[in-house]
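Spelled out from the first residue to the last, the chains are:
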Amino acid sequence: MQKIESEINRLINIFQKDQLPDGSWDYPFETGIVTDCYMIILLRLLDKEDETLIHSLANRIIKKQRPNGSWSLFHDEGDGNLSATIEAYYALLFSGLMLEQNPKMQLAKTFIISQGGLHQANTFTKIMLAISGHYKWPENIQIPIEFILLPNSFLVNLFDVSVFCRANFVPILMLADYKYTINRSDTPDLSDLMEKRESKLDFSDDLNYRSIVNLIQEGIESLMSLPKEAREAALSKAEQYMMGRIEPDGTLLSYFSATFLMVFAMLARGYKKEHPIITHAIQGLKSMVCTIDGDNHVQYTTANVWNTTLISYALQEAGIGYQESVVQKANHYILSRQHTKLGDWAIHNSRALPGGWGFSHINTMNPDVDDTSAALRAFRSAAQNNHTYLQSWKLGIQWIISMQNRDGGWPAFERNVNNHFLTWLPIEEAEDILIDPSSADLTGRTLHFLGETTTLKKDHPIMKQGINWLLDHQENAGYWPGRWGIYYLYGTWAAITGMVSAGVNIKHPAIQKALRWILTIQNKDGGWGESCRSDIKKQYIPLTTSTRTHTAWALDALIAASKRVTPEIRKGIDFLTSNNEQEDWVHHYSNGKGMAGAFYIHYHSYDLIWPLLTLSHYQKKFG
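Since this is a predicted model, take the numbers as computed values, not measurements.

Caption draft 1: Examining the nonpolar core more closely. Within the largest apolar cluster, 214 residues are counted, with the highest numbers of intra-cluster contacts made by Phe264 and Leu315. Here this core takes eleven residues from helix 10 (residues 256-268), the largest share from any one element. Once residues within four sequence positions are removed from consideration, Leu315 is found in contact with Ile12, Phe15, Trp25, Ile320, Val326, Val327 and Leu612.

Next comes the structure, spelled out in structure tokens:
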């Protein structure tokens, strides 16, 4: 127990040292090099001279290049990632720090051509290239801008799309309608990366895709008699949609990609580069710059609220009282970030009052279930003793409960946004981006919150429906996939701990099957590790080395569902207490996901938070 106590104290001391004066923690939300590339391209295309930032971003990109000339999304991705390499190649040329003749650039060029060139890039990369004049927009837009005018009662409509997709999709539809290209004579020449045949943003001939496009077009035709007027009405509505969702910092719902697209959509609408909306948006993106290993990195968003809610809860689980300064300051910050106005979530949940929390300190209108339950966990004790926190607590619980889907599970952002018809659209990993279905991690973590911190009875229909959703969605191997973490270990940890907290007996066959799977994949060193490739292949792929985050998740599940300390638990605890200074690529390996095969996250806080929670749970139960 001495090693456990020592490690717990070490982690507590780190958090006490790293807390900001406002009570929050701002550990980086690191997303590889893609946002760095796009920031360079954005600043160059808009004639924004910020050479210090551009050169720092370019230096970071250069350092991330692999020996074969490529860039990757995560360490063990394979030969490399074509789209990321195209984006890095373009950004470095545009930065002025690297010339095409540089041997490293020649290696990148060779890799791009060997993988099929620009034509094989993902959709978002092609859109960026079309905006900057390196790729052709389609001659006939298959999903017209008028799609935005379809009412919410129509079988397929804008608010059937997830809020994350919608924030990107609206400016994309505008840009595609205008076929907008920003013309600059000094844009790097990428023509030699194009296949000899003409390429353009092409659409699938798949029958399912044709079906949904035909449905959309039929709906538009039935509603509109004057095409020109309908088009302008749709463009105006799209503009209003974006304007109504600009956060105080100038970004569109705090998402980098959506803000990037919004800037060019506004230019397409006739706004000047110097317009306050555009300059404010750019400043908002710059405000998300952080420093990692001496270089600047543009975060996709900031994770202050998420970090702070988890850390406050972890500290309290480790024995730090809610009245102690570090927790008081954190909870005061969390309380200040509760949302008070309606957002898009209210469209499918009109009876609920605001009361949730968002992921970023920037968010004021886009709360999510996971951040809300994390915030409420953090000030449970404060709510029992302080009327202000109690009022906030009640609003938050009401909001979480109201967000339960009809199928019994919980989504991230919006209730019942699960129209699988939309996944027929030819977009990579459509289920990750287009819809917001119930998921094992959200459902498990919500059940854990309700079971551990509220008075909701274990046999309440809300609990039973959530449990039944998890039981119905366990995969044959015994695991559950996670939506926001990597991947099966994350989903299975959330499902097991959620069901146990909701009153499911640890001897239940589903829990026992999941536990057996966890035990079969434990590494010889006592830890666990899972590759991001699991997310792409949709089957468990080991990382071949253990990580502190994966080990903490696996162990926490075992601890929750065990009555005694097993040899496997003991080995896992020994790994966590003996490997607290992992370096190199293991320390930087992605532990979160945004979209399979395109967007992965390294939470710099995770190797601290989850081990602290797991060791504290072990100490509470077996100490």
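Caption draft 2: Spotlight on the state of the cysteines. Per the counting criterion, the structure on display carries zero disulfides. Cys37 takes part in no disulfide bond, and the closest cysteine sulfur, belonging to Cys290, lies 15 Å away.

Caption draft 3: Spatial organisation of the sheet that holds strand 6 (residues 592-595). In space, the three strands of this open sheet follow the order 1-7-6, with antiparallel pairing throughout. Where the open sheet ends on each side, the last strands, each with one partner, are strand 1 (29-30) and strand 6. Where strand 1 lies against strand 7 (residues 599-603), two bridges are found, and the strand directions are antiparallel. The partner of Phe29 across the bridge, within strand 7, is Tyr603.

Caption draft 4: Local environment of the packing of helix 12 (residues 304-317) against helix 26 (residues 606-622). Two numbers describe how helix 12 lies on helix 26: the axes approach to 9 Å, and their chain directions differ by 25 degrees. On the basis of their axis angle, the class for helix 12 and helix 26 is roughly parallel. Classified by chirality, the crossing of helix 26 by helix 12 is left-handed. Packed against helix 12, whose contacting residues are Trp306, Asn307, Leu310, Ile311, Tyr313, Ala314, Leu315 and Glu317, the element helix 26 presents Tyr606, Ile609, Trp610, Leu612, Leu613, Ser616, His617 and Lys620 at the interface. Tallied by class, residues from the contact of helix 12 with helix 26 come to eleven nonpolar, three polar and two charged.

Caption draft 5: Structural detail: the packing of aromatic side chains. Under the definition given, this model contains 38 aromatic pairs. Ring plane angle 75 degrees and centroid distance 5.4 Å describe the contact between Phe29 and Tyr603, whose orientation is recorded as edge-to-face. Of this pair, Phe29 sits in strand 1 while Tyr603 sits in strand 7, placing them 574 residues apart in sequence. Here Phe29 and Tyr603 have matching classes, each one buried. Relative to Phe94, the ring of Tyr90 lies with its centre 5.6 Å away and its plane at 20 degrees, an arrangement referred to as stacked. With Tyr90 and Phe94 both in helix 4 (residues 82-95) and four residues apart, this pair spans about one turn of that helix. When the ring centre of Tyr313 is taken as reference, the NZ or CZ atom of Arg377 above it lies at 5.9 Å. Of note, Arg483 hangs over the ring of Trp484, and the distance from its end group to the ring centre comes to 3.9 Å.

Caption draft 6: Broad picture of the pattern of salt bridges. Tallying each qualifying case throughout the model produces 25 salt bridges. Across the salt bridge formed by Lys3 and Asp574, the nearest N and O atoms sit 3.1 Å from each other. With Lys3 in helix 1 (residues 2-18) and Asp574 in helix 24 (residues 567-578), the pair connects residues that are 571 residues apart, well separated along the chain. For Arg166, the salt bridge is made with Asp344, and the minimal N-O distance between the two is 3.0 Å. With a gap of 178 residues between them, Arg166 in helix 7 (residues 163-178) and Asp344 in the loop between helix 13 (325-336) and helix 14 (369-378) connect regions that are remote in the sequence.

Caption draft 7: Spotlight on the environment of Ala230. Following the sequence through the fold, Ala230 ends up in helix 9 (residues 227-243). Sequence separation between Ala230 and Ile145 is 85 residues, and the spatial gap between their C-alpha atoms is 9.1 Å.

Caption draft 8: Structural context of unusual backbone geometry. One non-glycine residue, Ser254, lies in positive phi territory at about 70 degrees. Tracing the chain through its elements places Ser254 in the loop between helix 9 and helix 10. In this structure, Asn416 takes a positive phi of about 60 degrees despite not being glycine. With respect to the helices and strands, the residue Asn416 is situated in the loop between helix 16 (387-402) and helix 17 (430-434).

Caption draft 9: Molecular detail of the side chain of Thr187. Inspection of the secondary structure puts Thr187 in the loop between helix 7 and helix 8 (207-223). Residues contacting Thr187, with those up to four places away along its chain left out, are Leu45, Tyr90, Phe94, Ser132 and His134.

Caption draft 10: Molecular detail of helix 4. When the terminal C-alpha atoms of helix 4 are compared, their 20 Å separation across 14 residues agrees well with the 20 Å that a helix rising 1.5 Å per residue should span. In terms of burial, helix 4 is largely enclosed, as 14 of its 14 residues are buried. Phi for Gly96, located one or two positions after helix 4, is positive at around 90 degrees.

Caption draft 11: Inspection of the pairing of strand 2 (residues 289-292) at higher detail. Side chains Cys290 and Ile292 project from strand 2 onto a buried face, and the interleaved Val289 and Thr291 project onto a face without burial. In the sheet, strand 2 pairs with strand 3 (residues 295-298) via four bridges, with the strands oriented antiparallel. Its bridge partner lying in strand 3, Thr291 is registered against Asn296. Between strand 2 and strand 3, which pair antiparallel one after the other, the connecting turn spans two residues, and Asp293 there sits at a positive phi close to 55 degrees.

Parameters and conventions
Residues numbered from 1 in each chain as written. Predicted model: local features only at pLDDT ≥ 70, side-chain atom pairs only at ≥ 80, totals over all residues. Heavy atoms only, no water. Core = buried A, V, L, I, M, F, W, Y, C linked by side-chain atoms within 4.5 Å. Buried < 20%, exposed > 50% of the residue type's maximum accessible area, 1.4 Å probe, protein only. Helix = DSSP H or I, 4+ residues; strand = E, 2+ residues; numbered from the N terminus. Contact = heavy atoms within 4.5 Å. Disulfide = S-S within 2.5 Å. Pairing = 2+ DSSP bridges. Axes fitted to C-alpha atoms, helices over the stretch in contact; angles between N-to-C directions. Parallel < 35°, antiparallel > 145°, perpendicular 65-115°, else oblique. Left-handed = near helix turned anticlockwise from the far one by under 90°. Nonpolar A, V, L, I, M, F, W, Y, C, P; charged D, E, K, R; others polar. Phe/Tyr/Trp six-rings, centres within 6.5 Å; stacked < 30°, edge-to-face > 60°. Lys NZ or Arg CZ within 6 Å of the ring centre and 35° of its normal. Salt bridge = Lys/Arg side-chain N within 4 Å of Asp/Glu carboxyl O. Expected span 1.5 Å × (residues − 1).

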